[in-house]
Protein chains: 2
Amino acid sequence: MKKETGKEFPQNALEQLNLSRDAVFNSWNTPKAIYYRRMEKIPDSIGTAANVQAMVFGNMGDRSGTGVGFTRNPSTGEKVFYGEFLVNAQGEDVVAGIRTPQPIAELEQVMPEAYRQLREITTSLEKHYRDMQDFEFTIEEGTLYMLQTRNGKRTGPAAVRAAVEMVEEGLISKKEAVQRVAPNQLDQLLHPVLDPAMRKGLQKIATGLPASPGAAVGRAAFSSEDAVEMSAKGPVVLVRKETTPDDIHGMDVSRGILTAVGGLTSHAAVVARGMGRPCVVGASSISVDEAKKLATILFEGKKLILKEGDWISLDGTLGEVYLGQCKTNEPDPKSHDFAVFMGWADEFRGKFGVRANADIPRDANQARLFGAEGIGLCRTEHMFFAEDRIPHMQAMILARDEKTRKKALQKLLPMQRKDFAGLFEAMNGFPVVIRTLDPPLHEFLPKRENLMVDIAKLPHAGSKEKKQMAATYGVGVGELKKHLPELLHRVEELHEFNPMLGHRGCRLGITYPDVTEMQARAIFEAAVLVAKKGVKVIPEVMIPLVGDVKELENQKAIVVRVAEEVLSAAKQKDLKYYVGTMIEIPRAAMTADEIAKEAEFFSFGTNDLTQTTMGLSRDDYTKFSKQYEALKIFKADPFAVLDQDGVGKVVEHAVKLGRKARPDLEVGICGEHGGEPSSVEFCYRVGMDYVSCSPYRVPIARLAAAQAAIADHGKAEVQRTA
Amino acid sequence: MKKETGKEFPQNALEQLNLSRDAVFNSWNTPKAIYYRRMEKIPDSIGTAANVQAMVFGNMGDRSGTGVGFTRNPSTGEKVFYGEFLVNAQGEDVVAGIRTPQPIAELEQVMPEAYRQLREITTSLEKHYRDMQDFEFTIEEGTLYMLQTRNGKRTGPAAVRAAVEMVEEGLISKKEAVQRVAPNQLDQLLHPVLDPAMRKGLQKIATGLPASPGAAVGRAAFSSEDAVEMSAKGPVVLVRKETTPDDIHGMDVSRGILTAVGGLTSHAAVVARGMGRPCVVGASSISVDEAKKLATILFEGKKLILKEGDWISLDGTLGEVYLGQCKTNEPDPKSHDFAVFMGWADEFRGKFGVRANADIPRDANQARLFGAEGIGLCRTEHMFFAEDRIPHMQAMILARDEKTRKKALQKLLPMQRKDFAGLFEAMNGFPVVIRTLDPPLHEFLPKRENLMVDIAKLPHAGSKEKKQMAATYGVGVGELKKHLPELLHRVEELHEFNPMLGHRGCRLGITYPDVTEMQARAIFEAAVLVAKKGVKVIPEVMIPLVGDVKELENQKAIVVRVAEEVLSAAKQKDLKYYVGTMIEIPRAAMTADEIAKEAEFFSFGTNDLTQTTMGLSRDDYTKFSKQYEALKIFKADPFAVLDQDGVGKVVEHAVKLGRKARPDLEVGICGEHGGEPSSVEFCYRVGMDYVSCSPYRVPIARLAAAQAAIADHGKAEVQRTA
């Protein structure tokens, strides 16, 4: 919005702007512009425009000047006139930082008339555009020229505060307020952030993928054991090549997690998000040497060694890592503005639900605080990885006969029951979807190659080394020679070429019906226990990886039999429960009408559905993801943003077929996409009843759903059952 | 067809039959009956029936007797009166084998009148049913009673001969003749069989999956190196835990292949079928110790040791293994009957094509002999596993820069060109579909765990062991210490969690465009070379694992650019070629309309499409396949018989979408299912233009297609382009 001045066009205008005519148009294709468009999802095909007009000059002496400003504080949202200016300067000088500009309030003293005009103009601009303005101006020999105005960028907290205050001022409606905040911006209200000023002074040592948002500052630890030990003395950041289920305790005690490999849905990323721990993954410049307790870092041409105990600061929202101890700023998610704003969002969201993925009572309580209306996914296997449980799990797996296996399962039963009871209590009155055992059994055993190496080393190992091995495997030194080959044999029996497509999910439950039976018993015994306390319990038992309705029939029969047994023994026959399935392989989607005859609900496991539909392993995709995204073969990482053109078609097909067979079929999503705004919008559009995501993304999903509902308003309502 | 006799019903009739009333009905559920139904695909729900009627007795003295017979020889099909009888005996006695029956011709001397009647009746029965009859009779005091007649079971050769002769006799039409032979029966005309009499005397030592049909007899070898060495002195059977691409040379010199693990689409199975080598896989009673050159076998409670050099006999059609050297009977696929019969089949098959999967000129020539009308799949990577090529392939993979990589590719170019030229020559006038590089690169490198173990062993290894290692890795002893960790590093870089869903197919071509370029150059240089000899060359370049049309665009651009360069340099611009894709991941099927805008043909890779659609790894499925099939969750092994209810829906959807976008889209199948009769029928029904299968299954596919066409006759013809 440049003002036409009517003055003669100066010969040197373009030179002064330091732009050739070509540069004006080429600027569309600078790496910075391309990166920005990709970030903001602006198509490359729009092209740039150039206005040619007369120049005004702020460098004509002391009655001239230039400045930039906002009608409200873009960091906090507070309604104050905000900005800075320079006397006798051109616009570039303000930005370049050669001279230090003055706060804009001081303009009132320096050029009172210009200041009065500026306030008047910007106030009416804000009213006209009904939004906070970001403006630029130049004063040429006492005359004010407005160079530009646009809706101002703002932080998450500022966006929420400004939106709420503008409604209170009568400037905008509640509906507009809800549309004013980008859902992902809420992240900044839910997590601490690195102090912007202090961060500038620190050395950046790596960039990776922003796997779990927020800031984490601590001393580097290179193994979970070290992290546990060091965490007693102060904050720790766990730095690993990659994490495995064995690292749960280390991740739990760490402020943040940093890995060298893995994608946005790698183990580290998924678990960290679930725990609400900031996490950066796939920071490929880092090479971790666990044994030497250090990491070699090669970043932007510089090599350095990160030693155990060195301070590092993670930004999980941007995927950046800094050397040193940065200050962090804590957010206040319970603030008045946030509560009011989310209340409005929920009004528009209507009956479309938002649940949380939570495996333990602590996460379930967190999820309730963030407004989750139930648990959409409890991954029961996460309960087995705890240190006091994994030996029983391993005993179950190593069992060569039914009796031994049942004995091990009996030990797990009370533990599972206790976990489930905690979840039901936290979710009083809201449904809890519990998935039966999903991962392949070898995930609970030591790694094959480690065993092979240890067996090869054993004959040459010294006594210290042997002791270490014995401790690792939980046997005596003398037993190693017999135990290791036996363990390897079982690991090899269970070895899979493609674990993702292997003996897991309901395939386990079908071949080991005892496991499903134990889990069903734990679920319903917990339900009865909690219901007797007067808590309203709504269990939904979910059978994973179903591809054929016969698989569901098989597992449902076990669940229903145990449920009837437990409920009638406890005289709780009117406790209503549901049995349903995850839709996570294409065959299930293609035969969803058959499956819906047995399934009382569907939940789309879009992580695995993306892997199978695209024939793309999420853990292996990172090897070529950069090239794929640079060549624009994929619009975005399909594990972060639902691939609506491909996977979305499969989902839509399944929803239609399922509802055709069972009109009141409850349909939701529990994959990582359940907390990603554009995917939430898709889920709303195809008629799902709810989305489920990690607790810390629940507010984001609530807002995204509200915006989808507003966008959809007036269109024919799709069938929805909740 | 039991005759009512009008006599009083004898009290002891059921007892004489050794059947209680319950037993009559329970016999439906004996394991034998269930097994038979599963084999013959008869539903379990039909139930059994029982006739109650008077008994006749063949054991009333010398004027009585009983017998069974066929109107033609069921082994050869020859038109002779065939069967046997016993004087003074009941039916059970003939079957039980307590007394040795006489040939039926001798009945003419013993009871001339009964014999005359029997010939008369059975001749008119054959005329009435218009098929060879399998009958039972009893003579009670001179009176002939027919107990039963039915269409006789027959061997493959007999089925073909009888069908051809019955047409010549005017008994049936050509169309009926074509319907009379089950396609899989043709296997017996294409492969040697173990001599039935001699086989009875041998000890069965294992059963596995019938991976590739035919009989193979040879001395056991437990490594490919040993197989090569031993094959100079006599026939060898290769016995391995499983095979890998490194075993190609060993498989090539062996008469048959036996593996302890793996399913019907494991490496051993696929490659053996391609080579036409009999193969039994997943014989889990066998435990191979490669180092000790022996296998421990635990079969039906007996333990034995199979040593290198021991003779074994494989039946790849039934999946059985015998200890000892069995005689084999050679078939004659070029016989008059077979040629006539296949000619009739082709008449009915019409324009629906049958191509072969063939990677090398020898297989292509074999395929032509069996009537293949083109190559539906040439897997170019198989050409890289040869001993003289794999070093260049490995150099290409280990290359850290483009220049080194290009140098390695340059060495592979002339080799590929020569192979392609051979295929084009063999297929003069028929299309040749060549797939660009598909498997992940780590398949061309040593195994990670072997490397890890060798690195762990190296410091303690003696000089002999070191020499052995050095030979394995193709470096000097002194280089091992440096080379092994470097190699491991690259192998680890390339390690994938789920190779099936990893960095392979067009994803390789996109990240290493040089490879696609080299392959395209080899293809078109070979095409030009061969075309100049006057051979008609029709290259179809197939891009694998496409999930998004942009992937195909990327690879097609390289192929078209190279093609235009090569063809115009050779002044062969009118040589027509096609670029298309494999449909093998669900996303491709769901977006087939988009993909068909770029693809000139589709070929369904139903092996991988089954894996991705069902979320089921073919190599890991064997772990629980027995339980799944026993519980009837799957009707059949989905990697052998196309899952029409699930994967079939995906295929059908893709054919429809593809033809909508490009009506003349050529559509075929190149997965293992292309040679399985019920799957061929499916392919015909959904409107494909052709099926492609291993050379030895080409006649089976031709017959299955003919039968599908006959069944379909009169129904509206689906759109087909060929």
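This is a predicted model, so every value here is computed, not measured. Residue positions are counted from 1 within each chain, in the order its sequence is given. As they are written, the chains are lettered A onward and the ligands numbered 1 onward, keeping that order. Local features are withheld for residues below a pLDDT of 70 in this predicted model, meaning they are given only at 70 or higher, and side-chain atom pairs are given and counted only at 80 or more; totals for whole chains, interfaces and linings count all residues. Side-chain metrics in this entry use all non-hydrogen atoms of the structure; hydrogen atoms and water are not considered.

> How do you make sense of the overall build of chain A when you look at a structure like this?
Helix and strand assignments follow DSSP, with helices taken as H or I runs no shorter than four residues and strands as E runs no shorter than two, numbered in order from the N terminus. If you tally the helices and strands in chain A, you get 30 helices and 26 strands. Its C-alpha atoms give chain A a radius of gyration of 29 Å, within 12% of the compact-globule value 27 Å for 722 residues. In terms of overall dimensions, chain A has C-alpha extents of about 95 × 65 × 45 Å along its principal axes. The 722 residues of chain A split such that 57% are buried. Pairs of residues are marked as contacts when any of their non-hydrogen atoms sit within 4.5 Å. Expressed as a percentage of contacts within chain A between residues at least 6 apart in sequence, the contacts between residues at least 24 apart total 67%. Carbon and sulfur atoms make up 52% of the accessible area of chain A, which totals about 30800 Å². For the radius of gyration, the atoms used are the C-alpha atoms, and the globule rule reads 2.2 Å times the number of residues raised to 0.38. Type-normalised accessible area, obtained with a 1.4 Å probe on protein chains alone, sets the label of each residue: buried when under 20%, exposed when over 50%, and partly exposed for intermediate values. Note on areas: Shrake-Rupley, 1.4 Å probe, and residue coverage restricted to the protein chains presented here.

> Please clarify how helix H30 (residues 698–712) of chain A should be interpreted in this entry.
Think of an α-helix as turning once every 3.6 residues; residues three or four places apart then point the same way. The end-to-end C-alpha distance of H30(A), which contains 15 residues, comes to 21 Å, matching closely the 21 Å that a straight helix rising 1.5 Å per residue would cover. Burial analysis of H30(A) places 14 of its 15 residues in the buried class, the great majority of the element. Helix span is expected to be 1.5 Å times the residue number reduced by one.

> Please clarify how the relation of the copies chain A and chain B should be interpreted in this entry.
Superposition of the two copies of the chain requires a rotation about an axis together with a shift along that axis. In the superposition of chain A on chain B (RMSD 0.2 Å, axial shift 0.0 Å), the rotation amounts to 180°. One copy is carried onto the other by what is essentially a two-fold rotation axis. Every residue of chain A has its C-alpha some distance from the rotation axis, and the shortest such distance is that of A:Asn498, at 2.2 Å. A share of 98% of interface residues in chain A that are also interface residues in chain B marks the association as one of identical surfaces. In superposing the copies, a least-squares fit is computed on C-alpha atoms, taking residues whose pLDDT is at least 70 in both.

> For this particular structure, what's the right way to read the sheet that holds strand S13 (residues 286–289) of chain B?
Paired through their backbone hydrogen bonds, the strands of a sheet run either parallel or antiparallel. All names here are of chain B. Should DSSP find at least two bridges between two strands, the strands are regarded as paired. In space, the three strands of this open sheet follow the order S13-S14-S15, with antiparallel pairing throughout. One side of each edge strand has no neighbouring strand; the edge strands of this open sheet are S13 and strand S15 (302–307). Averaged over all adjacent pairs, the angle separating strand axes in this sheet is 15°, with direction ignored. The pairing of S13 with strand S14 (residues 294–299) spans four bridges and is classified as antiparallel. Each residue of the ladder has a partner; that of Ser-287, found in S14, is Thr-296. The axes used here are C-alpha line fits, helices contributing only the stretch in contact, and every angle between their N-to-C directions lies in the interval 0 to 180 degrees.

> Please clarify how unusual backbone geometry should be interpreted in this entry.
Across the chain, the bulk of peptide bonds are trans and the bulk of non-glycine residues have phi less than zero. All names here are of chain B. Even without being a glycine, Asn-88 presents a positive backbone phi close to 50°. One non-glycine residue, Arg-130, adopts positive backbone phi at about 55°. Mapped onto the secondary structure, Arg-130 falls in the loop between helix H6 (112–129) and strand S4 (133–140).

> I tried to follow the pattern of salt bridges on my own but got confused; where do I start?
Any two side chains of opposite charge can pair, on the condition that their charged atoms come close. We count a salt bridge whenever a side-chain nitrogen from Lys or Arg sits within 4 Å of a carboxyl oxygen from Asp or Glu. Taken as a whole and judged by the stated rule, the model has 117 salt bridges over all chains. We note a salt bridge from B:Arg349 to B:Asp346, for which the minimum N-O separation is 2.9 Å. Taken together, the residues B:Arg349 and B:Asp346, both in helix H14 (residues 336–349) and three residues apart, mark about one turn of the helix. Taking relative accessible area as the criterion, B:Arg349 reaches 4% and is therefore assigned buried. A relative accessible area of 24% places B:Asp346 in the partly exposed class. Of the charged contacts, one joins B:Glu540 and B:Arg355 as a salt bridge, the two residues approaching to 3.7 Å between their closest N and O atoms. Of the two residues, B:Glu540 sits in strand S22 (residues 538–543) while B:Arg355 sits in strand S19 (residues 353–357), which places them 185 residues apart along the sequence. Across this residue pair, the class does not change: B:Glu540 and B:Arg355 are buried. Through salt bridges that share partners, A:Glu381, A:Arg435, A:Asp438, A:Arg504 and A:Asp608 make up one connected network.

> Any chance you could explain the interface of chain A and chain B here in plain terms?
Frequently, the measure chosen for interface size is the accessible area that the parts lose on association. Each partner contributes to the interface: chain A provides 53 residues, whereas chain B provides 52 residues. Put simply, buried area is how much 1.4 Å-probe accessible surface two parts lose in total, over both of them, once they are put together. Interface area, chain A with chain B, both sides summed: about 5000 Å², of which 60% is carbon and sulfur. Three residues stand out in chain A for area buried against chain B, namely A:Leu501, A:Arg587 and A:Met590, and they jointly supply 13% of the buried area on that side. The tally of links between chain A and chain B comes to two salt bridges. Of the charged contacts in the structure, one is a salt bridge between A:Arg587 and B:Asp643, with a shortest N-O distance of 2.6 Å.

> Sorry, what's going on with the sheet that holds strand S17 (residues 320–323) of chain A here?
All names here are of chain A. In space, the eight strands of this open sheet follow the order S7-S17-S16-S9-S10-S11-S12-S8, with mixed pairing throughout. Either end of the sheet is taken by a strand with one partner, and the two such strands are strand S7 (203–207) and strand S8 (209–212). Averaged over neighbouring strand pairs, the angle between their axes works out to 30° when direction is ignored. With four bridges connecting them, S7 and S17 associate as antiparallel partners. What sits directly across from Thr-207, in S17, is Glu-320. Against the sheet, helix H13 (residues 267–275) touches S8, strand S11 (256–259) and strand S12 (279–281), its axis set at about 170° to S12.

> Help me out: how do you make sense of a negative patch on the surface in this one?
A surface patch of negative charge is lined by A:Glu225, A:Asp246, A:Glu387 and A:Asp388. Here A:Asp388 lies in the loop between strand S20 (375–379) and helix H16 (390–398). Note on patches: the residues involved have over 30% relative accessible area and no salt bridge, like charges join within 9 Å, and the nonpolar side chains Val, Leu, Ile, Met, Phe, Trp and Tyr join within 5 Å. Counting rule applied: Lys, Arg positive; Asp, Glu negative; His and chain ends not counted. In plain terms, the charge of a residue is placed at NZ if it is Lys, CZ if Arg, CG if Asp and CD if Glu.

> Just to check I follow, could you spell out helix H26 (residues 606–614) of chain A for this structure?
Across the nine residues of H26(A), nine count as buried, placing the element largely inside the fold. When we look at burial in H26(A), the residues that qualify are A:Thr606, A:Asn607, A:Asp608, A:Leu609, A:Thr610, A:Gln611, A:Thr612, A:Thr613 and A:Met614.

> Explanation requested: the pairing of strand S26 (residues 690–693) of chain B in the structure shown.
In the case of a regular strand, side chains alternate between the two sheet surfaces. All names here are of chain B. Alternating residues of S26 divide into Tyr-690 and Ser-692 and Val-691 and Cys-693, and every residue in both groups is buried. With four bridges joining them, S19 and S26 adopt parallel strand pairing. By the bridge assignment for S26, Val-354 is matched with Val-691. Direction of pairing for strand S25 (residues 666–669) relative to S26: parallel, over a ladder of two bridges. The partner of Ile-669 across the bridge, within S26, is Val-691. Taking the sense of rotation as the criterion, the β-α-β connection linking S25, helix H29 (residues 677–685) and S26 turns out right-handed. With strands facing away from the observer, any crossover in which the path from the first strand over the helix to the second runs clockwise is taken as right-handed.

> Help me understand a nonpolar patch on the surface in this model?
Residue and element names in this part refer to chain A. On the surface, Tyr-35, Tyr-36, Met-39, Ile-42 and Ile-46 cluster together into a nonpolar patch covering about 520 Å² of accessible area. Secondary-structure assignment places Ile-42 in the loop between helix H3 (31–40) and strand S1 (65–70). Residue classification places Ile-42 among the partly exposed positions, given a relative accessible area of 31%.

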